[in-house]
Every structure is written in C-alpha cells, then in structure tokens.
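# Structure assessment
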Amino acid sequence: MLALTDAAAEAISALTAQEGKQETGGLRFAVQAQQDAGAQLALSVAEQPEAGDQVVGTDAGARVFLEPQAAQFLDDKVLDVQQDDQGQLNFAVMPAPETPQA
C-alpha cells in the first residue's frame with residue numbers, strides 16, 4: 001500500500017484545507033496513460049473518493065484516494081513532497097525502502 005511521508009501528509013492537509021475540502025477531501029491519483037516502464041499519473045484534489053477507490057489516510061487526517069489502476073502501480077511506493085528552487089512544492093513518488101528479510 002502507498003505510504004506517505006510526514007511532509008507529504010502536511011502538504012495534502014494544506015491543499016485540501018485551501019480547497020475547502022478538509023473534512024472529507026483528499027488528493028486523488030488516477031492513471032492518465034499506461035507505459036511500458038510505468039504509468040503517467042493525474043493528481044487532483046477531490047471532495048471524496050470515487051467508487052472503487054482505495055483510501056489511504058494518516059493519523060493527522062491527510063487522505064489519498066487511489067483509482068484501482070493507480071493503487072496497483074503505487075502499491076510499493078512512498079509519496080513525498082519536495083520544494084524546488086522557486087519554493088514550489090512538488091509531489092514525488094519513490095520506491096519504498098526495502099525491508100530486510102528475517
């Protein structure tokens with residue numbers, strides 16, 4: 001399942017609050033185009049999950065809605081947020097750190 005960093009959770013909470021959707025809203029991922037090496041994802045702030053969406057939430061209240069194809073693609077990923085040179089926040093999807101085998 002997609003994991004969120006604390007920074008990503010804070011950014012999602014700020015975005016949904018800015019859009020007036022902090023109570024039920026979240027950041028929604030949907031597959032825009034499928035490619036051999038992966039998928040091109042579309043991001044939007046949604047008022048609520050759509051039918052079939054997987055919902056990922058944090059204790060702080062940030063919510064992410066994953067369209068089924070996006071959920072499959074993001075299953076072993078971590079969502080982070082990074083600031084660019086102009087101070088803009090950009091979401092980044094990274095592979096989850098490998099857990100050592102016992």
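Here's a quick rundown of the structure. The shown structure was predicted, so the numbers you read here are calculated from the model rather than taken from an experiment. (Residues numbered from 1 in each chain as written. Predicted model: local features only at pLDDT ≥ 70, side-chain atom pairs only at ≥ 80, totals over all residues. Heavy atoms only, no water.)

## Things to note about the overall build of the chain
When helices and strands are counted, the chain shows 2 helices and 7 strands. In terms of overall dimensions, the chain is globule-like: its C-alpha atoms have a radius of gyration of 14 Å, near the 13 Å expected for 102 residues. Considering only C-alpha atoms, the chain reaches an extent of 40 × 35 × 30 Å along its principal axes. When burial is assessed residue by residue, the chain has 32% of its 102 residues classed as buried. For the chain, restricting intrachain contacts to residue pairs at least 6 apart in sequence, the fraction spanning at least 24 positions comes to 48%. Element-wise, carbon and sulfur atoms account for 45% of the exposed surface of the chain, whose accessible area totals about 6600 Å². When the 4 positive and 16 negative side-chain charges of the chain are each reduced to one mean point, those points stand 7 Å apart. (Helix = DSSP H or I, 4+ residues; strand = E, 2+ residues; numbered from the N terminus. Rg over C-alpha atoms; globule rule 2.2 N^0.38 Å. Buried < 20%, exposed > 50% of the residue type's maximum accessible area, 1.4 Å probe, protein only. Contact = heavy atoms within 4.5 Å. Areas by Shrake-Rupley, 256 points an atom, 1.4 Å probe, with all protein chains shown as cover. Lys, Arg positive; Asp, Glu negative; His and termini not counted. Charge placed at Lys NZ, Arg CZ, Asp CG, Glu CD.)

## A look at the sheet that holds strand 1 (residues 3-4)
Taken in spatial order, the 3 strands line up as 1-6-7 in an open sheet, and their pairing is mixed. Edge strands, defined here as strands with exactly one partner in the open sheet, are strand 1 and strand 7 (89-95). Taken strand by strand, helix 1 (residues 6-18) contacts strand 1, strand 6 (77-83) and strand 7, and its axis lies near 70° from that of strand 6. (Pairing = 2+ DSSP bridges. Axes fitted to C-alpha atoms, helices over the stretch in contact; angles between N-to-C directions.)

## Side note on the nonpolar core
Formed by 17 residues in total, the largest nonpolar core has its most connected members in Leu-2, Leu-4, Ile-12, Phe-29, Val-64, Leu-66 and Leu-79. Mapped by element, the contributors of at least two residues to this core are helix 1, strand 2 (26-35), strand 5 (63-66) and helix 2 (68-73). With near-sequence residues (within four places) excluded, Val-64 lies in contact with Leu-2, Leu-4, Ile-12, Leu-27, Phe-29, Gln-54, Val-55, Val-56 and Leu-79. (Core = buried A, V, L, I, M, F, W, Y, C linked by side-chain atoms within 4.5 Å.)

## So, helix 1
The end-to-end C-alpha distance of helix 1, which contains 13 residues, comes to 18 Å, matching closely the 18 Å that a straight helix rising 1.5 Å per residue would cover. Just downstream of helix 1 lies Gly-20, where phi reads positive at about 75°. (Expected span 1.5 Å × (residues − 1).)

## A closer look at the pairing of strand 5
Successive side chains on a regular strand alternate, one facing one side of the sheet and the next facing the other. Sheet analysis places strand 2 next to strand 5, joined by 3 bridges and oriented parallel. Opposite Phe-29, over in strand 5, you have Leu-66 as the bridge partner. Both strand 4 (residues 54-57) and strand 5 contribute to a ladder of 4 bridges, which runs antiparallel. Each bridged residue has a counterpart across the sheet, and for Gln-54 the counterpart in strand 5 is Leu-66. The antiparallel hairpin formed by strand 4 and strand 5 contains 5 residues in its connecting segment, where Gly-61 sits at a positive phi of about 100°.

## Some words on the packing of aromatic side chains
Here the structure, examined in full by the defined rule, presents 0 aromatic pairs. Over the ring of Phe-73 we find Lys-77, and its NZ or CZ is 5.0 Å from the ring centre. (Phe/Tyr/Trp six-rings, centres within 6.5 Å; stacked < 30°, edge-to-face > 60°. Lys NZ or Arg CZ within 6 Å of the ring centre and 35° of its normal.)

## Let's talk about the environment of Ala-9
Within the fold, Ala-9 resides in helix 1. You can call Ala-9 buried: its relative accessible area is 8%. Excluding residues that lie within four positions of it along the chain, Ala-9 makes contacts with Thr-58 and Ala-62.

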